[in-house]
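Chain and residue survey
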Amino acid sequence: MWKSVSARSCLVVASVAALAACTTSNETAHQQSFSKAPEQLKKQIEHMDVALFAAFNACDVAAFTNYLTPDVEFYHDEGGLMLSADSQAEGLKMRCAEQSKNGELRRELVKASLEVYPIKNYGAVEIGTHNFYRTLPGKPEKLTTVAKFMHIWQQDGKQWRVSRIISYAHSAPN
């Protein structure tokens, strides 16, 4: 019986090791197949992200909505779905009007998390993590929320605009 248990155990261990080796080599091959954007495109999208959220942080509704397509779709895990640049403008106006009681909100890209991938004949997808800071009257700024996001950027000539936004996995910072 000892020999059969040993042989069976060896077979199981060998099978698991072979499966792990296949999985590791497949994962490595898959990771190497990602086609990231050229550095120039990544810098351009990062620049656009900074400009979009400089307008957001400053409550510049006109500048903010200028970076959105009129039919933008915004999927937010906590706030739900918002359709159109007009609804985004109204949402920003409301948030900014309530800053005196809720505090100023500031969004910041976590630059090390940024991934950009080209979308042929359309634009680019931007994926990353962003931090949200809040400053209550008379208090120092505090990191309040960390979340993941995805932006689909549409390029029309030299104009870049966000057509789809997904903001998810909102949580308190560690």
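See above for the structure.
Quantities reported herein were computed from a predicted structural model and do not represent experimental measurements. (Residues numbered from 1 in each chain as written. Predicted model: local features only at pLDDT ≥ 70, side-chain atom pairs only at ≥ 80, totals over all residues. Heavy atoms only, no water.)

What about unusual backbone geometry?
The phi torsion at serine 84 lies on the positive side, around 95 degrees, for a residue other than glycine. One can find serine 84 in the loop between strand S2 (80-83) and helix H4 (85-97). Notably, alanine 169 is not glycine yet its phi reads approximately 60 degrees, a positive angle. Among the structural elements, alanine 169 can be located in strand S7 (residues 159-171). (Helix = DSSP H or I, 4+ residues; strand = E, 2+ residues; numbered from the N terminus.)

Let's talk about the side chain of arginine 95
Considering the arrangement of structural elements, one finds arginine 95 in helix H4. Contacts of arginine 95, omitting those with residues within four sequence positions, involve Phe56, Cys59 and Leu105. (Contact = heavy atoms within 4.5 Å.)

A closer look at the environment of methionine 48
Within the secondary structure, methionine 48 is located in helix H2 (residues 39-57). According to the relative accessible area criterion, methionine 48 is buried, its value standing at 11%. Put simply, methionine 48 and tyrosine 67 are 19 residues apart on the chain and 8.3 Å apart in space, counted from C-alpha to C-alpha. Apart from the residues lying within four places of it in its own chain, the contact partners of methionine 48 are Tyr67, Trp153 and Trp160. (Buried < 20%, exposed > 50% of the residue type's maximum accessible area, 1.4 Å probe, protein only.)

Thoughts on the environment of alanine 124
Structurally, the position occupied by alanine 124 is in strand S5 (residues 123-135). Residue alanine 124 is classed as buried on the basis of its relative accessible area of 0%. Considering only alpha carbons, one finds alanine 124 and histidine 151, 27 residues apart in sequence, at a separation of 8.3 Å. Excluding its chain neighbours within four sequence positions, the residues that come into contact with alanine 124 are Leu41, Ile45, Val116, Tyr117, Pro118, Ile119, His151, Ile152, Trp153 and Trp160.

A closer look at the layout of surface pockets
The computed volume of the largest pocket comes to approximately 710 Å³. Surrounding the largest pocket, 29 residues form its lining, Phe56, Phe74, His76, Arg95 and Leu105 being those nearest its centre. Broken down by element, the lining of the largest pocket gets its largest block of residues, five residues, from H4. A per-class count over the lining of the largest pocket returns 13 nonpolar, twelve polar and four charged. (1 Å grid on protein atoms, 1.4 Å probe; cavity = no way out; pocket = protein on both sides within 12 Å on 5 of 7 lines; lining within 4 Å. Points joined across faces, edges and corners; volume = space filled by probe spheres on them. Nonpolar A, V, L, I, M, F, W, Y, C, P; charged D, E, K, R; others polar.)

What to know about a nonpolar patch on the surface
Residues Tyr75, Leu81, Leu83, Ile166 and Tyr168 make up a contiguous nonpolar surface patch of roughly 430 Å² in combined accessible area. Within the residue set of the nonpolar patch, elements represented by two or more residues are S2 and S7. One can find isoleucine 166 in strand S7. (Patch = residues over 30% accessible without salt bridge, like charges linked within 9 Å, V, L, I, M, F, W, Y side chains within 5 Å. Areas by Shrake-Rupley, 256 points an atom, 1.4 Å probe, with all protein chains shown as cover. Salt bridge = Lys/Arg side-chain N within 4 Å of Asp/Glu carboxyl O.)

What about the pattern of salt bridges?
The final tally for this structure, using the stated rule, is six salt bridges. Among the salt bridges present, the one from arginine 107 reaches aspartate 49, with a minimum N-O distance of 2.6 Å. Taken as a pair, arginine 107 in strand S3 (residues 104-109) and aspartate 49 in helix H2 lie far apart in primary sequence, 58 residues in all. Arginine 107 gets classed as buried once you look at its relative accessible area, which sits at 3%. The class of aspartate 49 is buried, set by a relative accessible area of 1%. The residue glutamate 90 makes a salt bridge to lysine 93 at a minimum N-O spacing of 3.2 Å. Placement of both glutamate 90 and lysine 93 in helix H4 is noted, with a separation of three residues, approximately one turn of the helix. Overall, lysine 93 belongs to the partly exposed group, its relative accessible area being 42%. Residues joined in a network through salt bridges with shared partners are Arg106, Glu108 and Glu141.

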